[in-house]
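Coordinate inspection notes
Here is how the chains run, residue by residue.
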Amino acid sequence: MTGQTAPAAPPAGVSVDVPAKINPHLGVGDPRADGYHALSTVYQAISLHDTVTAQRRGEPGIEITISGEGAGTLPTGEDNLAHKAAKLIALYAGIEPDVKLHLNKRIPVAGGLAGGSADAAGALIACARLWDVEIGDAELHRLAAGLGSDVPFCLKGGTAIGTGRGEELTPVRAKGSWHWVVATTDTQIATPECYKEVDRLREDGIGRYSSDVGAIVQAFEAGADADSLARLLVNDMEAAAVSLRPQLASLMHGGLEEGALAAHVSGSGPTVLFLATDVKHSVALARRIRMRGGARSVHLAHGPVAGPAA
């Protein structure tokens, strides 16, 4: 159009979708010399995801903005794990960081679903692509492990066995799909607090290390039905989470009364997972849990899903 200037094109950027994780099996061993607990876990990525978008700032520095879950409450500075990830990939590449990261969050915050770790994984991938950093899978895994125990799995998705402190991964070829109702609460549990409670309970003879993942791995590889899977779910942190936040017991019991095949604290909590027979059952179950009350929010999810996608 004569006499008018065409609108400027939006700045080039990279967007990465990163799924949440659950732990259908979470075995917690004794504290190690480095302070971490030995873990024997099975991860599975589910269909709740955050989107991490990286764009050039045009000047040195790392800027973070957040929309959706946790907007206005989550840190946007150096305490944010995505900020640490961007700084780390820049350090690896030997460059000055120059990035604006936007986190569009749909994964419930502080709920044992690895939302922060997912954002860190997304930031690693998005910044590497934005800055044309050549990095192999092994090096990317090493950087991820330095950020947190769940970050390496968040790079991969699917289903995997996690050992060490959770960062040593062995892929599992899961056949089929399983449906979950994800219920969040108004309370929070810091992961270190929950580990401390695990240790305290064990001193009183409550709980043990569920190290054997063989049965649930076989179930995933065989495409077992939800009824069979329900009997195999394990979380060594569940008793500690309920001890710290007794209201979780009421939420779990309520979901079982409404027809859930199983109720399972996610990680260190306080999110609760309810296993459903199929998608139709999950929709009906979610509606009944919402009507019953006691949950801050209720989400539908299925898994496994693939890892980060751009």
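Residues numbered from 1 in each chain as written. Predicted model: local features only at pLDDT ≥ 70, side-chain atom pairs only at ≥ 80, totals over all residues. Heavy atoms only, no water.

**Some thoughts on the overall build of the chain**
When its secondary structure is counted, the chain shows 10 helices and 11 strands. Against the globule reference of 19 Å for 310 residues, the chain gives a C-alpha radius of gyration of 20 Å, in line with a compact fold. Along the three orthogonal principal directions, the C-alpha set of the chain runs to about 70 × 50 × 35 Å. Each of the 310 residues in the chain was classed as buried or not, and the buried ones make up 52%. (Helix = DSSP H or I, 4+ residues; strand = E, 2+ residues; numbered from the N terminus. Rg over C-alpha atoms; globule rule 2.2 N^0.38 Å. Buried < 20%, exposed > 50% of the residue type's maximum accessible area, 1.4 Å probe, protein only.)

**A short note on the state of the cysteines**
A full pass over the atoms with the stated rule returns zero disulfides. With no disulfide of its own, Cys154 lies closest to Cys127 among cysteine sulfurs, the gap being 16 Å. On the basis of relative accessible area, Cys154 is assigned to the buried category, the value being 2%. (Disulfide = S-S within 2.5 Å.)

**Regarding unusual backbone geometry**
Each neighbour pair has its own omega, and for Gly269 with Pro270 the value is 5°, a cis peptide bond. Within the secondary structure, Pro270 is located in the loop between strand E9 (262-265) and strand E10 (272-276). Geometrically, the link from Gly303 to Pro304 is a cis peptide bond, its omega value of 5° lying close to zero. Looking at the element boundaries, Pro304 is found in the segment after strand E11 (297-303). A positive phi angle, close to 50°, is found at Ala110, a residue other than glycine. Structurally, Ala110 can be placed in the loop between strand E4 (98-105) and helix H2 (115-130). Backbone geometry places Ala114, a non-glycine residue, at a positive phi of 65°. Using a relative accessible area of 11% as the deciding quantity, one classes Ala114 as buried.

**Details of the pairing of strand E1 (residues 13-31)**
Burial within E1 is extensive, with 14 of its 19 residues counted as buried. Strand direction decides the pairing type here: E1 and strand E2 (residues 37-55), joined by 15 bridges, are antiparallel. Opposite Ile22, over in E2, you have Gln44 as the bridge partner. Across two bridges, the pairing between E1 and strand E8 (residues 234-235) is parallel. (Pairing = 2+ DSSP bridges.)

**Considering the pairing of E10**
Most of E10 sits out of view: five of its five residues are buried. By the alternation rule, side chains of E10 split into Val272, Phe274 and Ala276 and Leu273 and Leu275, which are all buried. Bridging between strand E7 (residues 178-184) and E10 involves five bridges; their strand directions are antiparallel. The residue bridging Trp180 from the neighbouring strand is Leu275, located in E10. The pairing of E9 with E10 spans four bridges and is classified as antiparallel. Residue pairing across strands places His264 opposite Leu273, the latter belonging to E10. Where E9 hands over to E10, the hairpin turn is made up of six residues, of which Gly267 adopts a positive phi near 60°.

**Quick notes on the UniProt feature "domain: GHMP kinase N-terminal" (unreviewed entry) in the chain**
Per the UniProt annotation, the sites labelled "domain: GHMP kinase N-terminal" (unreviewed entry) are residues 80-158. Counted over residues 80-158, helix gives 58% and strand 10%. Its end C-alpha atoms are 25 Å apart. (UniProt positions renumbered as here; feature names shortened; annotations may be inferred.)

**Considering the nonpolar core**
One broad rule of soluble globular proteins: the nonpolar side chains tend to lie buried together. One finds Ile89, Val99, Leu101, Trp180 and Leu275 to be the most contacted residues of the largest nonpolar core, which totals 61 residues. If you tally residues by element for this core, the top one is H2, at 10 residues. With near-sequence residues (within four places) excluded, Leu101 lies in contact with Val52, Thr53, Ala54, Glu63, Ile64, Thr65, Ala82, Ala86, Ala123 and Cys127. Cys194, Leu201, Met237 and Ala276 belong to the second largest nonpolar core, which has 26 residues in total. (Core = buried A, V, L, I, M, F, W, Y, C linked by side-chain atoms within 4.5 Å. Contact = heavy atoms within 4.5 Å.)

**Here's the deal with the pattern of salt bridges**
Per the counting criterion, the structure on display carries 16 salt bridges. Linking Asp236 and Arg202 is a salt bridge whose minimum nitrogen-to-oxygen distance equals 3.6 Å. Separated by 34 residues along the polypeptide, Asp236 in the loop between E8 and helix H8 (238-244) and Arg202 in helix H5 (residues 191-203) bring together distant segments of the chain. With respect to class, Asp236 is no different from Arg202; both count as buried. (Salt bridge = Lys/Arg side-chain N within 4 Å of Asp/Glu carboxyl O.)

**Observations regarding the sheet that holds E7**
A sheet is described by the order of its strands in space; here four strands give the open sequence E9-E10-E7-E11, paired in antiparallel fashion. With one partner strand each, in any of the chains shown, E9 and E11 form the two edges of the open sheet. For this sheet the average axis-to-axis angle between neighbouring strands, irrespective of direction, equals 25°. (Axes fitted to C-alpha atoms, helices over the stretch in contact; angles between N-to-C directions.)

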